[in-house]
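# A closer look at the structure
What follows is the residue order along each chain.
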Amino acid sequence: MRIIADENIPLVQEFFADIGKIKVYLGRDIKAKYLKEADVLLVRSVTQVDADLLQHSGVRFVGTSTIGTDHIDLKWLKNQKIAFANAPGSNAESVVEYVLSALVYLEEREGFELQDKTVGIIGAGNVGGRLYERLHQVGVNILINDPPLQSKNEQAFPESCWADLDTLLEQADIISLHTPLISSGVHPTHHLLDKKRIQNLAAGKIIINSGRGAVIDTQALKKRLQTQEDLLTVLDVWEQEPHFDAELVKLVTLATPHIAGYSLDGKLRGTEMVCQSLCQHFGLPMRKQLGQLIPEPPLRKINFSAQMLPEQGVRTLIRACYDVRSDDLALRLALRTLTPAQAYDQLRRDYPVRREFANVRVELKSKQKALAQKLISLGFKVKLN
Ligand SMILES: NC(=O)C1=CN([C@@H]2O[C@H](COP(=O)(O)OP(=O)(O)OC[C@H]3O[C@@H](n4cnc5c(N)ncnc54)[C@H](O)[C@@H]3O)[C@@H](O)[C@H]2O)C=CC1
Ligand SMILES: O=C(O)C(=O)[C@H](O)COP(=O)(O)O
């Protein structure tokens, strides 16, 4: 089997070398001419997969080791009977940890307590649903907007959580977007936060977008931020990536180059899931397991003394695992010398190893039960001594 793959799929050789002969390219450089003899195409989000790329190829299976599929022409693949797999949920935990890191930063900077705020989650699937679980367990009030899910399964969340979009935008202090990018159909998400909704947002709201850039009309957001500096904004995703608007970066509170899902754990789960789907499709045995291949985390254990207060403990640990400020700073520094597209590709290619909270075992004194409960709710492993 001949496999063409994005070189930024981690452990691609380890997972796929015994299945076929692999040739890797930069995702943006994967061209139709390289695919003529290929059977399998493995991509990430930067490769547009459509008729232009595949119509003269022999590709029978396309895998993307991402959750999102907006870079794939799924309809065309289906019509051509080309098998397809993505990696649902693979890096959902990582995105949730990104949001938590942003929230603890804003909490401290703005001097509020998350427990006193209402968080509005738009899109409550793998990412939004996990975010709900984490925040709900630490006592945060939550509203959810997800019409497709609500119409399928009203019981997915308590009745009091469901809100229509405009009610959520009005009542939530913090708004976190986790929908796919959908441009047509009954529930499109393209510019879901359009000019009018952005203008109507009350001063002081926090907007976090780690879904897809074009779910917000970012030109309207830019205008609002230029005229009224009264919103706090966290943007991981942008319209026209990688050619995003560097002027908008200057106006937002935290700006990162689409790395919310970039924990090593999440990326590797993506590789493994696509490998599993490929093996299943071709009736091959799955010889590799992520558990055998994933490296040991650099931070494995933290020991807190009895003096550690719950709030301080939570912040310290979240930052020890992942501090979103470092990604924000790296982007702002890179933009001093590079174009947005150069900065975007470079920072993502050379992304430092980031591991998920569950890799860290926190040792506490037996009387620190309140802290232990909070940390378990946020995804850490806890041992009481
Ligand atoms: N920034 C990053 O690094 C990452 C971004 N993502 C993005 O996050 C998106 C969500 O990921 P998951 O939660 O895993 O996907 P998912 O498919 O599990 O959940 C998406 C949810 O959005 C809901 N939805 C669809 N249209 C909606 C609308 N008009 N209004 C409100 N809700 C709507 C769906 O019903 C579903 O419950 C992905 O599609 C991807 O675009 C995913 C991973 C990493
Ligand atoms: O999984 C998704 O969906 C994402 O947005 C990924 O985190 C994007 O990663 P790249 O494919 O752009 O490396």
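Keep in mind that what you see is a predicted model, and the values were worked out from it rather than measured.

### Details of the sheet that holds strand β5 (residues 83-85)
With respect to topology, five strands assemble into an open sheet ordered β2-β1-β3-β4-β5, the strand pairing being parallel. Each having just a single partner strand, β2 (21-25) and β5 make up the two edges of the open sheet. Between one strand axis and the next, the sheet turns through 15 degrees on average, direction left out of account. Summarising the sheet, strand β1 (residues 2-6) and strand β3 (residues 40-43) pair through three bridges and their orientation is parallel. In the strand pairing of β3, Ala 5 is matched with Leu 42.

### Re the site of ligand 2
Contacts to ligand 2 come from Asn 8, Arg 44, Ser 45, Val 46, Thr 66, Ile 67, Gly 68, Asn 91, His 258 and Gly 261. Split into classes, the residues belonging to the shell around ligand 2 amount to two nonpolar, seven polar and one charged.

### Some details on the sheet that holds strand β10 (residues 232-235)
Pairing between sheet strands relies on hydrogen bonds along the backbone, with the strands arranged either parallel or antiparallel. The six strands are arranged β7-β6-β8-β9-β10-β11 in an open sheet whose pairing can be described as parallel. In this open sheet, the two edge strands, each paired with only one partner strand, are β7 (141-145) and β11 (254-255). Bridge count for strand β6 (residues 118-122) against β7 is five bridges, and the pairing is parallel. By the bridge assignment for β7, Ile 121 is matched with Ile 144. Helix α4 (residues 92-110) contacts β8 (174-177), β9 (206-209), β10 and β11 of the sheet and is inclined by roughly 155 degrees relative to β9.

### With respect to the site of ligand 1
Near ligand 1 you find 33 residues, and of these Gly 68, Gly 123, Gly 125, Pro 180 and Gly 261 are the closest. Elements that contribute at least two residues to the shell around ligand 1 include exactly α4, α5 (126-137) and α6 (147-152). Across the shell around ligand 1, the residue classes tally to 14 nonpolar, 16 polar and three charged.

### Notes on the environment of Gln 48
Position of Gln 48 relative to the elements: it lies in the loop between β3 and α2 (51-54). Sequence-wise, Gln 48 and Leu 375 are 327 residues apart; in three dimensions their C-alpha atoms are separated by 40 Å. Each residue touching Gln 48, except ones within four places of it in the same chain, is listed here: Leu 53 and His 71.

### Looking at the domain arrangement of the chain
What the domain assignment lists for the chain is domain 1 (2-86 + 263-292), domain 2 (92-255) and domain 3 (301-384). Computed over C-alpha atoms, the centres of domain 2 and domain 3 are 21 Å apart. Counting residues at the interface gives 21 residues for domain 2 and 21 residues for domain 3. At the level of elements, α4, α5, α10 (246-251) and β11 are the ones that each hand at least two residues to the side of domain 2 that touches domain 3. Ranked by the residues each element gives to the side of domain 2 that touches domain 3, the list is headed by α4, at ten residues. Considering only residue class, the side of domain 2 that touches domain 3 consists of twelve nonpolar, four polar and five charged.

### A word on helix α16 (residues 369-378)
In an α-helix there are 3.6 residues to a turn, and that puts residues three or four apart on one side. Among all positions in α16, only Leu 371, Ala 372, Lys 374, Leu 375 and Leu 378 are buried. Down the axis of α16, the sector holding all buried residues measures 165 degrees, keeping them to one side. Tucked into the core, α16 has its buried residues touching α4, α5, α13 (310-321), β13 (361-364) and β14 (381-384). Positive backbone phi, approximately 110 degrees, marks Gly 379, located one or two places after α16.

### Side note on α4
For α4, built from 19 residues, the straight-helix expectation of 27 Å at 1.5 Å per residue is met to within 8% by its first-to-last C-alpha distance of 27 Å. Among the 19 residues that make up α4, 16 are buried, leaving the element largely enclosed by the rest of the structure. In the stretch just after α4, Gly 111 is the one whose phi turns positive, near 70 degrees.

### Notes on the environment of Leu 251
Examined against the element boundaries, Leu 251 turns out to sit in helix α10. The sequence separation of Leu 251 and Asp 164 amounts to 87 residues, and the corresponding C-alpha distance is 28 Å. Setting aside residues up to four positions removed in sequence, Leu 251 forms contacts with Lys 222, Leu 225 and Gln 226.

### Details of the UniProt feature "binding site: NAD(+)" (unreviewed entry) in the chain
Using the residue numbers shown here, the UniProt feature "binding site: NAD(+)" (unreviewed entry) corresponds to Asp 146, Thr 179, Asp 236 and Gly 261. Among the secondary structure elements, Asp 146 is positioned in the loop between β7 and α6. Those residues in contact with Asp 146 that lie beyond four places of it in its chain are Gly 123 and Ala 124. For Asp 236, the contacting residues outside a window of four places in its chain are Tyr 98, Asn 209, Ser 210, Thr 256, His 258, Ile 259 and Ala 260.

Calculation notes
- Residues numbered from 1 in each chain as written.
- Chains lettered and ligands numbered in written order.
- Predicted model: local features only at pLDDT ≥ 70, side-chain atom pairs only at ≥ 80, totals over all residues.
- Pairing = 2+ DSSP bridges.
- Helix = DSSP H or I, 4+ residues; strand = E, 2+ residues; numbered from the N terminus.
- Axes fitted to C-alpha atoms, helices over the stretch in contact; angles between N-to-C directions.
- Near = placed C-beta within 6 Å.
- Nonpolar A, V, L, I, M, F, W, Y, C, P; charged D, E, K, R; others polar.
- Contact = placed C-beta atoms within 7 Å.
- Domains from an automatic or database assignment.
- Buried ≥ 20, exposed ≤ 12 C-beta atoms within 10 Å, placed from the backbone.
- Arc of directions from axis to C-beta.
- Expected span 1.5 Å × (residues − 1).
- UniProt positions renumbered as here; feature names shortened; annotations may be inferred.

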